[in-house]
Amino acid sequence: MRVSSSAVSFNVAEPVASSAFLREHFGFAEAMSADGFVSLTREDVGMHVVFLRCGLATLPEDQRGVHTAGVILAFVVDDLEGELERLERAGVAITMPLTEEEWGERAFQVRDPNGVIVQLVDWNGTQGG
């Protein structure tokens, strides 16, 4: 198998709101869109982020009404504190404060308007594992 690209898809109530959040706060660009569908890209991420409106007839019946939950969209960044400060200055609510795990991972989280969790991460913790 050869994989030519990848994407992660989220079923949400308002795809346009989630798209606007990632474009405004995380530098994504719209690759394509249609009614109930937005695909975003960012050259350095290596995958598309897709938002689908819950209830789309193109989804299998057992997925149509299911809103994304329990999934974390994580991005490893070079300057975690700088990103935290930037998002706070922009008025984005930090829904999980900056934490450090015993294995050295440091992270904080925000949520988009549809509740999709976006986590920024680095591996610069002082604790070792």
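Up top is the structure.
The rules behind these values
Residues numbered from 1 in each chain as written. Predicted model: local features only at pLDDT ≥ 70, side-chain atom pairs only at ≥ 80, totals over all residues. Heavy atoms only, no water. Helix = DSSP H or I, 4+ residues; strand = E, 2+ residues; numbered from the N terminus. Buried < 20%, exposed > 50% of the residue type's maximum accessible area, 1.4 Å probe, protein only. Contact = heavy atoms within 4.5 Å. Areas by Shrake-Rupley, 256 points an atom, 1.4 Å probe, with all protein chains shown as cover. Lys, Arg positive; Asp, Glu negative; His and termini not counted. Charge placed at Lys NZ, Arg CZ, Asp CG, Glu CD. Expected span 1.5 Å × (residues − 1). Arc of directions from axis to C-beta. Pairing = 2+ DSSP bridges. Axes fitted to C-alpha atoms, helices over the stretch in contact; angles between N-to-C directions. Core = buried A, V, L, I, M, F, W, Y, C linked by side-chain atoms within 4.5 Å.

Colleague: Quick one: what's the story with the overall build of the protein chain, residue by residue and with numbers?
Modeller: Across its full length, the protein chain carries two helices and eight strands. Seen in sequence order, the protein chain has helices and strands lined up from the N terminus as β-α-β-β-β-β-α-β-β-β. Along the first, second and third principal axes, the C-alpha set of the protein chain runs to 50 × 40 × 25 Å. Counting across all 129 residues of the protein chain, residues that qualify as buried make up 36%. The contacts of the protein chain with a sequence gap of at least 6 include a subset with a gap of at least 24, amounting to 50%. In the form shown here, the protein chain has an accessible surface area of approximately 7600 Å², with 50% of it arising from carbon and sulfur atoms. Treating the 9 positive side-chain charges of the protein chain as one cloud and the 20 negative ones as another, the clouds have centres 6 Å apart.

Colleague: Could you give an account of helix α1 (residues 15-26), naming the residues involved and the relevant values?
Modeller: The periodicity of an α-helix, 3.6 residues per turn, causes residues three or four places apart in sequence to face the same way. In this model α1 runs 16 Å from its N-terminal to its C-terminal C-alpha over twelve residues, within 8% of the 16 Å that 1.5 Å per residue would give. Within α1, burial applies to P15, S18, S19, F21, L22, H25 and F26. Projected onto a plane normal to the axis of α1, the buried residues spread over an arc of 160° and lie on a single side. Turned more than 90 degrees away from the buried face of α1 sit V16 and E24, all of them exposed.

Colleague: Outline the sheet that holds strand β7 (residues 106-111), supporting the account with residue identities and numerical values.
Modeller: Read from one edge to the other, the open sheet built from four strands follows the order β5-β8-β7-β6, with strand pairing classed as mixed. Each end of this open sheet is capped by a strand with a single partner; those strands are β5 (72-76) and β6 (94-100). Across the sheet, the axes of successive neighbouring strands diverge by a mean angle of 15°, strand direction being ignored. By the bridge criterion, six bridges tie β7 to strand β8 (residues 117-122) in an arrangement that is antiparallel. Counterpart to Q109 in the pairing with β8 is Q119.

Colleague: Before we move on, can you summarise the nonpolar core with the specific residues and values?
Modeller: Counting residues in hydrophobic clusters, the biggest one holds 22 residues, and the most contacted among them are L22, F26, F51, V110 and L120. The set of elements that each furnish at least two residues to this core consists of β1 (7-12), α1, β3 (37-41), β4 (48-53), β5, α2 (80-89), β7 and β8. Residues in contact with F26, not counting those within four places in the same chain, are F21, R42, R86, L87, V110, V118 and L120.

Any link to function would need more than the numbers given here.
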